[in-house]
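# Topology and contacts: notes
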Amino acid sequence: MLTTPSPKQLPRQVDPRKFAQQEVVLQGTLPLAELERLSALAAGDQAEITAELEFGVDDQRHRLLTGKVSAKLQLTCERCMEACDQHIEGELALGIVWDEEQAKQLPRRLDAWIAPEGVSDIYEVIEEEILLGIPMGVYHDHQCVDLAHYSVGGDDGADETAAPAAERRNNPFQVLEQLKGTPK
Ligand SMILES: [Zn+2]
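Report on the accompanying structure. This is a predicted model, so every value here is computed, not measured.

Secondary structure assignment for the protein chain yields 6 helices and 7 strands. The linear arrangement of helices and strands in the protein chain, starting from the amino end, is β-α-β-α-β-β-β-α-β-β-α-α-α. Here the protein chain, with 184 residues, has 22% of them falling under the buried criterion. Here the contacts in the protein chain between residues at least 6 apart in sequence split such that 58% fall between residues at least 24 apart.

Here it is as structure tokens:
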């Protein structure tokens with residue numbers, strides 16, 4: 001099995017059934033520009049998207065695609081609206097099937113990849129996996145918005161500009177605390 005990193009770009013079109021039969025292993029990169037939905041979300045052109053793919057056939061004659069995808073790219077931080085580095089990883093475990101009917105018969109551990117005869121677009125499959133891995137809220141790890149903007153009393157009060165309650169409710173750090181599950 002290949003383990004050395006390769007800068008080679010993955011082919012976009014593959015023949016999944018032929019590859020499964022031949023137990024093809026692919027490793028390579030995908031250009032962000034060719035992933036339409038993902039580039040629409042990205043906050044910059046800088047991205048490193050890689051995939052390690054293994055085609056095969058299991059004991060029950062399921063044609064499989066398994067592997068890992070990794071995407072390092074910039075998304076928009078929902079707190080400061082600036083670009084924010086993200087690393088998204090996903091694992092693929094797909095059964096290559098002809099139709100919905102066959103998809104239903106796959107074991108639970110496999111998702112379905114409904115592929116027609118001949119070549120299919122592997123980039124779409126990988127992009128889908130990356131999109132699923134994007135967190136619900138994207139934020140910088142550091143405090144990217146100055147806390148002073150959100151002082152909720154606690155200082156000596158000399159500088160009391162008394163933010164309206166509505167504004168305080170929008171304090172993104174409170175949102176963050178909720179995400180972390182901090183009890184009140
Ligand atoms: Zn931020």
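Alright, that's what it looks like, and here's the rest.
Bringing helix α4 (residues 122–133) into the picture now. Between its terminal C-alpha atoms α4 stretches 17 Å, which fits the 16 Å expected from 12 residues at 1.5 Å a residue. Those residues of α4 not exposed but buried are I122, Y123, V125, I126, E127, E129 and I130.

This part is about the environment of L73. Within the secondary structure, L73 sits in strand β4 (residues 63–76). In sequence terms L73 and I49 are 24 residues apart; their C-alpha atoms lie 7.9 Å from each other.

Each value, and the rule that gives it
- Residues numbered from 1 in each chain as written.
- Predicted model: local features only at pLDDT ≥ 70, side-chain atom pairs only at ≥ 80, totals over all residues.
- Helix = DSSP H or I, 4+ residues; strand = E, 2+ residues; numbered from the N terminus.
- Buried ≥ 20, exposed ≤ 12 C-beta atoms within 10 Å, placed from the backbone.
- Contact = placed C-beta atoms within 7 Å.
- Expected span 1.5 Å × (residues − 1).

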